[in-house]
Amino acid sequence: MRSLLAQLGLIASLCLPAQLGTAQAEEPGGTKEVRYRESRAAIANPERGFYAARMSGRMNGLEGLRARGITLLLVEMDLREFKDREISPEKLAELRRAFSRARENGLKVIFRAAYGFTGRDYRADPKDLGRIQGHIKQLAAVFRADRDVLFAVQAGFLGPWGEWHGSNHGDPPSLEARRAVLFGLLEAVPSPVPVQVRRPMFIRDLFADEPDLTAEAAAKGVSLARTGWHDDALLSLPTDMGTYAQRGWDRDRELRWCDNHGRYAPFGGETVPTSARTPIEQVVRELGLLHATYLNISYHRGTLDGWRKATHLGENAFDHIERRLGYRLVADRLSYQAVAPGGTLRIELELRNVGFAAPVLPREAAFVLSRGEAQYRAVADADPRSWGPGGAIHVIGELRVPPEAPRGPWTLSLHLADPSPGLRDDGRYSIRLANEDIRFLEPSGRNILAEDVDVR
């Protein structure tokens, strides 16, 4: 556990779900309690939701993505010119510019490389696995330089679109080829950024000697916990075009396995034309079992348009899915007391995650007490990656107010910041709570919980 910063001690633990409400009251002993209202609005929170796709050399039209609620960008790098040679400095500079453009626009990157992105690129990948491994090592420097805006890497490299079929190394590629790509990427991609393969069965045979993931193993950062998967034929029944193809594993068994694995490693993907035939109730159910973090906003349009025309639980189905992709944190209740200068402010906050998944990457969780230029802040010994759906999060804080603190009302906020020094103070990379009555400060990324904390 990380030691807490001076002047604030926080303890985070799970608790039973809280009751919703909107009242503010003062209890005996001077304790104030606030109950918040959940918002139904879509929120452009980082590291989750629908993504837009761009080739690394064509990074146009990024400026309007956040206004559409999009914070993820799939950057695809076409290496067809380099199947027989090293990646050129110019091509690597192109990728660095792509990362810079994503950063300028408040986006994070999902990355994929392949030796062709068309139906004519079957068996276009290098026959020499050493060439592929060399390319991965070249990309490692770019990954390290821009690790703070790198959200995930799709394994790629093998077959057209990098989807691990139709390769010179087999269909699907051999276990040797898959191991070379995955473990090469796990070494090249800075931890804890995850790498995602194309089918769940690939994870099982690549880690055949390891047991299924547990919370304890995931907390240790084992390679299996960094290995997620993506389904680019999502919800195309019955097998998602061969995605669920392991002999002896039907769809229900696959989904049960994915339900466990997806609690600790990320899932995302895109739909195809035949996905439109899947009933909307099954769509929502499976996205929940998969713990879906992201989906393609552009493909397949027919499927997405069908969701826009459908209803689920009395509301527009697309809106329902858009809100719930990844995490969605809702504050239920806050309680706090007046405090004297030099005393201890006791805080209790209850949150719920009503999304499909927990946050994927590490993230700071801090209470901030502020008034004018004065500010007291500390990072909690809590890991939001453990804040999965299905329960509530109970955060308890004890904030020691310095003796020189001015008397009067102070503002208390929750800051769920990106831990990167370059992004910590950029509100575009902080999590906004899904509440109607909690103001979010866009520049700093702080959620205002109360503005009447009395120092007296």
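Up top is the structure these notes are about.
These figures come from a predicted structure and were not determined experimentally. (Residues numbered from 1 in each chain as written. Predicted model: local features only at pLDDT ≥ 70, side-chain atom pairs only at ≥ 80, totals over all residues. Heavy atoms only, no water.)

A.B. asks: Quick question: what am I supposed to make of the pairing of strand β14 (residues 329-337) here?
C.D. replies: Every other side chain in a regular strand lies on the same face of the sheet, so the side chains alternate between the two faces. Judged by how many residues are buried, β14 sits mostly within the fold: eight of nine residues are covered. Two elements, β14 and strand β15 (residues 344-353), share seven bridges in a ladder whose sense is antiparallel. In the sheet register, Y336 faces β15, and the bridge partner there is I347. Between β14 and β15, which pair antiparallel and follow one another directly, the connecting turn spans six residues, one of which, G342, has a positive phi of 90°. (Buried < 20%, exposed > 50% of the residue type's maximum accessible area, 1.4 Å probe, protein only. Helix = DSSP H or I, 4+ residues; strand = E, 2+ residues; numbered from the N terminus. Pairing = 2+ DSSP bridges.)

A.B. asks: Honestly, unusual backbone geometry in this entry has me stumped. Any pointers?
C.D. replies: Glycine aside, a negative phi is what most residues show, and trans is what most peptide bonds show. S191 connects to P192 through a cis peptide bond whose omega is 10°. Note that P192 resides in the loop between α3 (175-188) and β8 (195-197). In this structure, P238 follows L237 across a cis peptide bond, with omega equal to 5°. Position of P238 among the secondary structure elements: in the loop between β9 (227-234) and α6 (251-261). Phi at F157 is positive, roughly 70°, even though this residue is not glycine. Residue position: F157 is located in the loop between β7 (150-154) and α3.

A.B. asks: Any chance you could explain the packing of aromatic side chains here in plain terms?
C.D. replies: Think of a pair of aromatic rings as described by two things: how far the centres are apart, and how the planes are tilted against each other in angle. The final tally for this structure, using the stated rule, is ten aromatic pairs. Measuring from ring centre to ring centre gives 5.6 Å for Y51 and Y294, while their planes differ by 75°; the resulting arrangement is edge-to-face. Of the two residues, Y51 is situated in strand β4 (residues 49-55) and Y294 in strand β11 (residues 292-296); the sequence distance between them amounts to 243 residues. Both residues of the pair, Y51 and Y294, count as buried. A network of ring pairs unites the aromatic residues Y51, F151 and Y294 as a single cluster. Across the ring face of W249, the terminal group of R253 is positioned such that the distance to the ring centre comes to 3.8 Å. The side chain of R308 reaches across the aromatic face of F318, ending 4.2 Å from its centre. (Phe/Tyr/Trp six-rings, centres within 6.5 Å; stacked < 30°, edge-to-face > 60°. Lys NZ or Arg CZ within 6 Å of the ring centre and 35° of its normal.)

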